[in-house]
Amino acid sequence: MSQPLVKVYTGGFCPYCVAAKRMLKQKGVEFKELQVDRDPELRQRMEALSGRQSVPQIFIGDLHVGGYDDMAALNRKGELDRLLGLDKTD
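Reading the values: rules and limits
- Residues numbered from 1 in each chain as written.
- Predicted model: local features only at pLDDT ≥ 70, side-chain atom pairs only at ≥ 80, totals over all residues.
- Heavy atoms only, no water.
- Helix = DSSP H or I, 4+ residues; strand = E, 2+ residues; numbered from the N terminus.
- Polar contact = N/O pair within 3.5 Å; in protein donor to acceptor, adjacent residues only side chain to side chain.
- Contact = heavy atoms within 4.5 Å.
- Axes fitted to C-alpha atoms, helices over the stretch in contact; angles between N-to-C directions.
- Left-handed = near helix turned anticlockwise from the far one by under 90°.
- Nonpolar A, V, L, I, M, F, W, Y, C, P; charged D, E, K, R; others polar.
- Core = buried A, V, L, I, M, F, W, Y, C linked by side-chain atoms within 4.5 Å.
- Buried < 20%, exposed > 50% of the residue type's maximum accessible area, 1.4 Å probe, protein only.

**Student:** Sorry, what's going on with the side chain of Ser 50 here?
**Tutor:** Tracing the sequence through the fold places Ser 50 in helix α2 (residues 40-50). Looking at Ser 50, its side chain comes within polar contact range of the main-chain oxygen of Met 46, at 2.8 Å. Of the polar contacts made by the side chain of Ser 50, one reaches the backbone nitrogen of Arg 52; its length is 3.1 Å. Those residues in contact with Ser 50, other than ones at most four positions away along the chain, are Gln 57, Phe 59 and His 64.

**Student:** Please clarify how the packing of helix α1 (residues 15-26) against helix α3 (residues 68-76) should be interpreted in this entry.
**Tutor:** The axes of two packed helices give the description: the angle between them and the distance between them. At a closest axis distance of 9 Å, the pairing of α1 and α3 adopts a crossing angle of 30 degrees. Between α1 and α3 lies a crossing of left-handed hand. Across from Tyr 16, Ala 19, Ala 20, Met 23 and Leu 24 in α1, the residues of α3 making contact are Tyr 68, Asp 69, Met 71, Ala 72 and Asn 75. Class assignment for the residues of the contact of α1 with α3 results in 8 nonpolar, 1 polar and 1 charged.

**Student:** Where do I start with the nonpolar core in this structure?
**Tutor:** One recurring pattern in soluble globular proteins is that nonpolar side chains are buried together. The biggest cluster of nonpolar side chains holds 16 residues, and the ones touching the most others in it are Val 6, Leu 24, Ile 58, Ile 60, Met 71, Leu 80 and Leu 84. Elements that contribute at least two residues to this core include exactly β1 (6-10), α1, β3 (57-60), α3 and α4 (80-84). Apart from residues lying up to four places away in sequence, Met 71 is in contact with Ala 20, Met 23, Leu 24, Ile 58 and Leu 80. Among the nonpolar cores identified, the runner-up in size contains 6 residues, and Tyr 9, Leu 42, Met 46 and Phe 59 belong to it.

Laid out in structure tokens, this is it:
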């Protein structure tokens, strides 16, 4: 299974953004970081796609998984690796 495109919408001085990026890096997942704090149009796009105003907002392929806490919960349940295409049992 190939790895889907992962997008992480972030802002400066955001500890949850740092934690989300760290988790993905530890898993060896490449991701595209989109900083919204200096780009109002990008922030509007993030809000329209996610329905949320806070950062980070994380997308795996077309699936919005939410923020860092949501991604961490998926990881604890053992579901994150499958979504990221890291689960070798598929």
